[in-house]
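# Secondary and tertiary structure notes
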Amino acid sequence: MIRILCAYCETETADLADEETVRTCAACGREFSVAAQEAYARGQAYYTAGLEIEREAQARKKKASSEMTDMIRYYSRAYSGLRVALKDDLPGMYRADALMMLAEITRRFLKHEMVSPLESKYWTQRITYCTTEEEYEHLQQRLAARSGNFLQRGHWRLRYGQLKRALPKLKEEIAKIEQEIAFVE
Ligand SMILES: [Zn+2]
């Protein structure tokens, strides 16, 4: 049985009904998607299982082919689970984490020619978007709070302007790749 945690405060949810898709957390009162959290938790569990096999094989410096089949199977399940999770609006920390795992998986799939370079690029671009957006919001807060000295503020404003221009471009690039790879759902 997989544990479903609140997307905001990580309190474990109790007595989930089968058809329940959205839940209001009893601890923090915020609403989150049970389906996305479940897909995320499953994806993460499969990812960890794949990673464990990989690490053990690396430590022994020997790869049994049956092990490698298991590893690929786990990573494939993680890949689909995490993609499902990302379709719903995962909160920041989970989104960043899911994207990182997806990028790691595609990097491995690329070696086995299981995904195209474009698909691999897609996930790294989404991570870039995620971190760029984070930095942008962070700078926005700093500038609004009027913190820092004259020199720092000048530097922040410059960087803020760069990020503001970069974000729509990145978004456009991601949408273009998305169309090209046309994910089959
Ligand atoms: Zn909560």
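My aim in this report is to walk through the structure given alongside it, one point at a time. These figures come from a predicted structure and were not determined experimentally.

Counting its regular elements, the chain contains five helices and two strands. Of the regular secondary structure in the chain, the N- to C-terminal order runs β-β-α-α-α-α-α. In the chain, 57% of the contacts between residues at least 6 apart in sequence involve partners at least 24 apart.

Another aspect to go through is the packing of helix H1 (residues 34-60) against helix H3 (residues 92-111). Look at H1 against H3: their axes get within 11 Å of each other, and the N-to-C directions meet at 40 degrees. Considering the angle they form, H1 stands oblique to H3. Handedness of the crossing formed by H1 with H3: left-handed. Residues Tyr-40, Gly-43, Gln-44 and Tyr-47 of H1 form the contact with H3, whose own contacting residues are Tyr-94, Ala-98, Met-101 and Ile-105. Of the residues that constitute the contact of H1 with H3, the class distribution is six nonpolar, two polar and no charged.

In this model, H3 (20 residues) spans 29 Å end to end at C-alpha, consistent with the 28 Å of a helix rising 1.5 Å per residue. Here H3 has its buried residues at Tyr-94, Ala-98, Leu-99, Met-101, Leu-102, Ile-105 and Thr-106. One face of H3 carries all of its buried residues, which in axial projection span an arc of 165 degrees. Turned more than 90 degrees from where H3 packs its buried face, Met-93 and Lys-111 sit exposed. Next to the buried residues of H3 lie H1, helix H2 (65-87) and helix H4 (117-144).

Attention shifts here to helix H5 (residues 150-181). Its 32 residues give H5 an end-to-end C-alpha distance of 46 Å, which sits within 8% of 46 Å, the value for a rise of 1.5 Å per residue. At the C-terminal side of H5, Ala-182 shows a positive phi close to 40 degrees.

Cut-off values and rules
- Residues numbered from 1 in each chain as written.
- Predicted model: local features only at pLDDT ≥ 70, side-chain atom pairs only at ≥ 80, totals over all residues.
- Helix = DSSP H or I, 4+ residues; strand = E, 2+ residues; numbered from the N terminus.
- Contact = placed C-beta atoms within 7 Å.
- Axes fitted to C-alpha atoms, helices over the stretch in contact; angles between N-to-C directions.
- Parallel < 35°, antiparallel > 145°, perpendicular 65-115°, else oblique.
- Left-handed = near helix turned anticlockwise from the far one by under 90°.
- Nonpolar A, V, L, I, M, F, W, Y, C, P; charged D, E, K, R; others polar.
- Expected span 1.5 Å × (residues − 1).
- Buried ≥ 20, exposed ≤ 12 C-beta atoms within 10 Å, placed from the backbone.
- Arc of directions from axis to C-beta.

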